[in-house]
Amino acid sequence: MLNIVLFGPPGAGKGTQSEKLIAKYNLVHLSTGDIFRANIKGETALGTLAKSYMDQGQLVPDSVTISMLEAEVNKNPNAKGFIFDGFPRTKAQAQALDTLLSSKGTGITLMLALEVEEEELRKRLLLRGQNSGRPDDQNPEVIQKRIDVYNNETAPVKDFYTAQGKYKGVYGIGEIEQIFNALCAVIDSKIEKPAAVKTVKPARPADVKTTKKATKKAAAKTAIKKATKKVVAKKSAKKAAKKSTAKKLVKKVVAKKSAKKAAPKKAVKPARPKGGKLVKKKVTKKAAPKKAAKKVTKKVVKRAVKKQSKKVTAKVVRSSNKKVVKKSAKKPVKKQAKKVVSKKKVAKKKK
Ligand code: ADP
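Starting afresh in each chain, residues are numbered from 1 along the sequence in its written order. Reporting of local features is limited, given that this is a predicted model, to residues whose pLDDT is at least 70; pairs of side-chain atoms are given and counted only at 80 or more, and all residues count toward the totals for whole chains, interfaces and linings. Side-chain calculation: all heavy atoms of the structure are included, whereas hydrogens and water are not.

1. What about empty space enclosed by the protein?
Stage number 1. The way it works is a 1 Å grid over only the protein atoms, where trapped points that fit a 1.4 Å probe form a cavity and open points with protein on both sides within 12 Å along at least five of seven lines form a pocket, and then any residue with an atom within 4 Å of a point lines it. Grid points are joined across faces, edges and corners, and a volume is the space filled by probe spheres set on the points. Applying the stated criterion across every chain yields a total of one cavity of 30 Å³ or more.
Stage number 2. The computed volume of the largest cavity comes to approximately 40 Å³.
Stage number 3. Residue lining of the largest cavity: Leu6, Phe7, Gly8, Lys14, Gly86, Phe87, Pro88, Arg89, Tyr150 and Thr154, and that is the complete set.
Stage number 4. Runs of E in the DSSP output that reach at least two residues are strands. Runs of H or I that reach at least four are helices, and both are numbered from the N terminus. Within the residue set of the lining of the largest cavity, elements represented by two or more residues are β1 (4-7) and α7 (140-154).
Stage number 5. Gly falls in the polar group here, along with every residue not listed as nonpolar (Ala, Val, Leu, Ile, Met, Phe, Trp, Tyr, Cys, Pro) or charged (Asp, Glu, Lys, Arg). Counted by class, the lining of the largest cavity contains five nonpolar, three polar and two charged residues.

2. Structural notes on helix α2 (residues 32-41)
Stage number 1. Residue burial is assigned from relative accessible area. The probe radius is 1.4 Å, only protein chains are included, and a residue is buried under 20% of its type maximum, exposed over 50%, and partly exposed in between. When α2 is considered as a whole, its buried residues turn out to be Thr32, Gly33, Ile35, Phe36 and Asn39. Along the axis of α2, the buried positions cluster into a sector of 165°, meaning they face one direction only.
Stage number 2. We call two residues in contact whenever any of their non-hydrogen atoms come within 4.5 Å of each other. Buried residues belonging to α2 abut β2 (28-31), α3 (45-54), α4 (62-74) and β3 (82-85).
Stage number 3. Residue Glu43 follows α2 closely and has a positive phi angle near 55°. Note that the arc is computed from the directions linking the helix axis to the C-beta atoms.

3. Some details on the side chain of Thr65
Stage number 1. Mapped onto the secondary structure, Thr65 falls in helix α4.
Stage number 2. Once you skip the residues sitting within four places of it in the chain, Thr65 turns out to touch Thr32, Phe36, Val60, Phe87 and Gln93.

4. Here we look at the packing of aromatic side chains
Stage number 1. Stacked, tilted and edge-to-face pairs are distinguished by plane angle, under 30 degrees for stacked and over 60 for edge-to-face with tilted covering the rest, among Phe, Tyr and Trp rings (Trp via its six-membered ring) whose centres lie within 6.5 Å. This structure, assessed with the given rule, holds three aromatic pairs.
Stage number 2. When the centroid spacing of 5.1 Å and the interplanar angle of 75° are considered together, the rings of Phe160 and Tyr161 count as edge-to-face.
Stage number 3. Cation over ring: Lys20 sits above Phe180, and NZ or CZ is 4.9 Å from the ring centre. Consider the ring centre and the ring normal. A charge sits over the ring if Lys NZ or Arg CZ is within 6 Å of that centre and within 35 degrees of that normal.

5. Some details on the packing of α2 against α3
Stage number 1. Comment: axis = line fitted to C-alpha atoms, over the contacting stretch for helices; angle = value between 0 and 180 degrees taken between N-to-C directions. It is at 7 Å that the axes of α2 and α3 come closest, and there the two elements cross at 120°. The element α2 and its partner α3 pack so that their crossing is left-handed. Touching Gly33, Phe36, Arg37, Asn39 and Ile40 of α2 are Leu46, Gly47, Ala50, Lys51 and Met54, all from α3.
Stage number 2. A breakdown of the residues in the contact of α2 with α3 according to their chemical character gives five nonpolar, three polar and two charged. Throughout, a crossing is termed right-handed when the near helix is turned clockwise from the far one, and left-handed when it is turned anticlockwise from it by less than a right angle.

6. Re the environment of Ile4
Stage number 1. Assignment of secondary structure puts Ile4 in strand β1.
Stage number 2. As a C-alpha pair, Ile4 and Ile108 span 104 residues in sequence and 6.2 Å in three-dimensional space.

7. A look at the pattern of salt bridges
Stage number 1. The term salt bridge refers to a side-chain nitrogen of Lys or Arg lying within 4 Å of a carboxyl oxygen of Asp or Glu. Inspection of the entire model under this criterion finds 13 salt bridges.
Stage number 2. In this structure, Arg128 engages Asp137 in a salt bridge whose closest nitrogen and oxygen atoms are separated by 2.6 Å.
Stage number 3. With a shortest N-O distance of 3.7 Å, Arg146 and Asp136 are connected by a salt bridge. You can see Arg146 sitting in helix α7 and its partner Asp136 sitting in the loop between α6 (118-132) and α7, a full 10 residues away along the chain.
Stage number 4. Residue classification places Arg146 among the buried residues on the basis of a relative accessible area of 11%.
Stage number 5. The exposure class assigned to Asp136 is buried, which follows from its relative accessible area of 10%.
Stage number 6. When salt bridges with common partners are traced through the structure, they connect Arg128, Arg134, Asp136, Asp137 and Arg146 into a single cluster.

8. Some details on the pairing of β1
Stage number 1. Where burial is concerned, the two faces of β1 agree: the one with Ile4 and Leu6 and the one with Val5 and Phe7 are both buried.
Stage number 2. Here the rule is simple: two strands pair whenever DSSP picks up at least two bridges between them. With four bridges connecting them, β1 and strand β4 (residues 110-115) associate as parallel partners. If you follow Ile4 over to β4, its bridge partner there is Leu110.

Structure, rendered in structure tokens:
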């Protein structure tokens, strides 16, 4: 919200500049003097009370003025901001305004003070009294009373906002448009530099960053999901393949076995089909295929090994026999030869 206190002595031109400012910045104009006058015109209790003070150039009591202003602020809950014209006129009013605005989560943005010399003020007020018919502008004594009240009671409010770094004085003598431009320059510098830059600058890159981050995160998540899906699919495919191959193997082995069993042994042993049934039952169980396959293959391998070992031993025996035969066949020849040689030796000796 843009909340401006338009400050200055009576006749400084607050009302005139307020009309132009509210049009440019789309603000609600709250003039305590205007509200009191409307109440006087409407002959309300508040109007009657206010008139008794205004006609003497005195301030309307704080309690009355503050509660009236609070009611006016509350009438405009959707306001983009306010221009407070003629309020606060005392430190108590300034404090009450701060409390009210902070309770609504806002505060005074700026105090704009129109600085006009007293001589110029008196001239203006008397001229306005002739044109507007305002009774407090037609009596020079009342005019001076109002100026004195301003200097004594209202001027200290400047210190209240100066302490908050919100006071800005603008020279109020010259062309209305010139003064208006000077006021606008102050407002714009206050809005655009610290306020607008602060809100605009971090908002844009932060949004972009967060959206980028969000998209990156989302992309990473989907990538991970896809990857995990692929891995899971591969694993399950492998498992399925293994299962199916295992089943196929088992089926093959079982088929072979049952074929073997069924063909020759059925006739010899009629009880064998029971064994076949047992194998079938085992195969149908989930964990059974592997066990059954293992058992069957073991048996098959054992038999094969037995057969082979028998064959091998037979071969070994045969070959060893042959060797033995060969050896034994060679031995008599050697013996005979030896015998022949010894006989020849004996014959030679005899000779
Ligand atoms: P100006 O500021 O030109 O004197 P205003 O219209 O602001 O005229 O005020 C007219 C009169 O209304 C004041 O002199 C005063 O009696 C009364 N008044 C206006 N605002 C206040 C206020 N904030 N506190 C007390 N009295 C006020």
